[in-house]
Amino acid sequence: QITKVLFFFFSSRRRHTRCSGVSWARRCVQETAIRVEDPSENINPGEIAVPSTYTGPKLELDQEVTREWVENLLEYMKDQKLLHKKYVLVLLQRIKNILQELHTLVDIQVPEGQEITVCGDIHGQYYDLLNIWKINGNPSKTNPYIFNGDFVDRGSFSVEVMLALMAWKIHDPNCIHLNRGNHETKNLNKLYGFEGEVVHKYDKTTFEIFGSIFQYLPIAYCLNRKVLILHGGLFSQDGVKLDDIRKTNRIMEPPEAGIMCEALWSDPVKEKGRHPSKRGVALGFGPDVAEKFLSENNLELLVRSHEVKDQGYEVEPNGKVITIFSAPNYCDQMNNKGAFIRFNGSDMKPKFTQ
């Protein structure tokens, strides 16, 4: 079982109390869907001085991010030491260059005999993230991962989670894949702790740069043309095809409705048909909706996250929809397990680890 470690920012908990109920989610997506400007375009990390007392990992503008560098960073942050702002900005600039080249829906072919691991929500639980890699191995070409959104908020180590994920992605873009969740958005970051954490550890400008980077994250991955991975779920209209997702402009804060909003926010329900969402945003989609969507797109399975599950995962009764959640003891009070899924390219059948 994944180690249960989580600490809260008190400001985040107070905000959560004020924003309970379904109305909070609707308010969080009501901001006009416009592109957030990237402050990093006006910043040169090379001009930032690093004090001689700093003993952590260093990364110059043209320096390769090696496997050893990433592993040193993970160990350094494990002791709750901060990577210097200069090197955070270098990572942010490099990850932007990688993410902006990706499509909104990314297709991945898992070779026969090779496996890929899919993880759900992490929510700032850095030590549980490290434990996933302890159990299942660090990311590599032969041990790739997909993290299905909600990297940040709630937990107190969202910065460390993001730096770890970005560092692996920069080291080898094919060893780790990052999908956007509903918490990789500006408004939720204000409510649930990531903004406060980044400002406390660095400054407001660094938070704004993180926010601009989130816009470049894909919103869907498709494995071997069989398994679709979205953070939330399916759509309010029939007939949505994979090409419709590919053509969706993601480089913005999510709108109140449409493919991007619903991909990030929707949930499966047991009843057939479509239903108002318990969150007040997007919808609840029934097993018949899932089966029709999968059939029309020649897919076998939908993997999504977005909801805490007692066992860390849940397979819907029709076997066509799986929820995966990788943050154990969520919010330091749920006593849930965390889990991840492994798919082998030979058959693409899910295998669960708790």
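Further up the page is the structure itself.
None of the values given here were measured: they were computed from a predicted structure.

Calculation notes
- Residues numbered from 1 in each chain as written.
- Predicted model: local features only at pLDDT ≥ 70, side-chain atom pairs only at ≥ 80, totals over all residues.
- Heavy atoms only, no water.
- Helix = DSSP H or I, 4+ residues; strand = E, 2+ residues; numbered from the N terminus.
- Buried < 20%, exposed > 50% of the residue type's maximum accessible area, 1.4 Å probe, protein only.
- Contact = heavy atoms within 4.5 Å.
- Areas by Shrake-Rupley, 256 points an atom, 1.4 Å probe, with all protein chains shown as cover.
- Pairing = 2+ DSSP bridges.

Moving on, we come to the overall build of the protein. Of the regular secondary structure elements, the protein holds 12 helices and 14 strands. Across the 354 residues of the protein, 59% fall into the buried class. Long-range pairs, those at least 24 residues apart, make up 75% of the contacts in the protein with a sequence separation of at least 6. Accessible surface, the protein: about 14,200 Å² in total, of which carbon and sulfur atoms supply 47%.

This paragraph deals with the pairing of strand E2 (residues 115-119). Burial runs high along E2: five of the five residues are buried. Burial of E2 is two-sided: the residues Glu115, Thr117 and Cys119 facing one way and the residues Ile116 and Val118 facing the other way are all buried. Sheet topology note: the E2/strand E13 (residues 340-344) ladder contains five bridges and is antiparallel. Following the sheet pairing, glutamate 115 is matched in E13 by asparagine 344. Sheet analysis places E2 next to strand E3 (residues 145-147), joined by three bridges and oriented parallel. Across the sheet, residue valine 118 finds its bridge partner in E3, namely isoleucine 146.

On to the pairing of strand E10 (residues 301-304). Within a regular beta strand, the side chains point alternately toward one face of the sheet and then the other, so they alternate between its two faces. Every second residue of E10 is oriented toward a common face, with Leu301 and Val303 on one face and Leu302 and Arg304 on the other, all of them buried. Note that strand E6 (residues 227-229) and E10 share three bridges and pair parallel. In the sheet register, isoleucine 229 faces E10, and the bridge partner there is valine 303. The pairing of E10 with strand E12 (residues 321-324) spans three bridges and is classified as parallel. Bridging across to E12, arginine 304 finds its partner in threonine 323.

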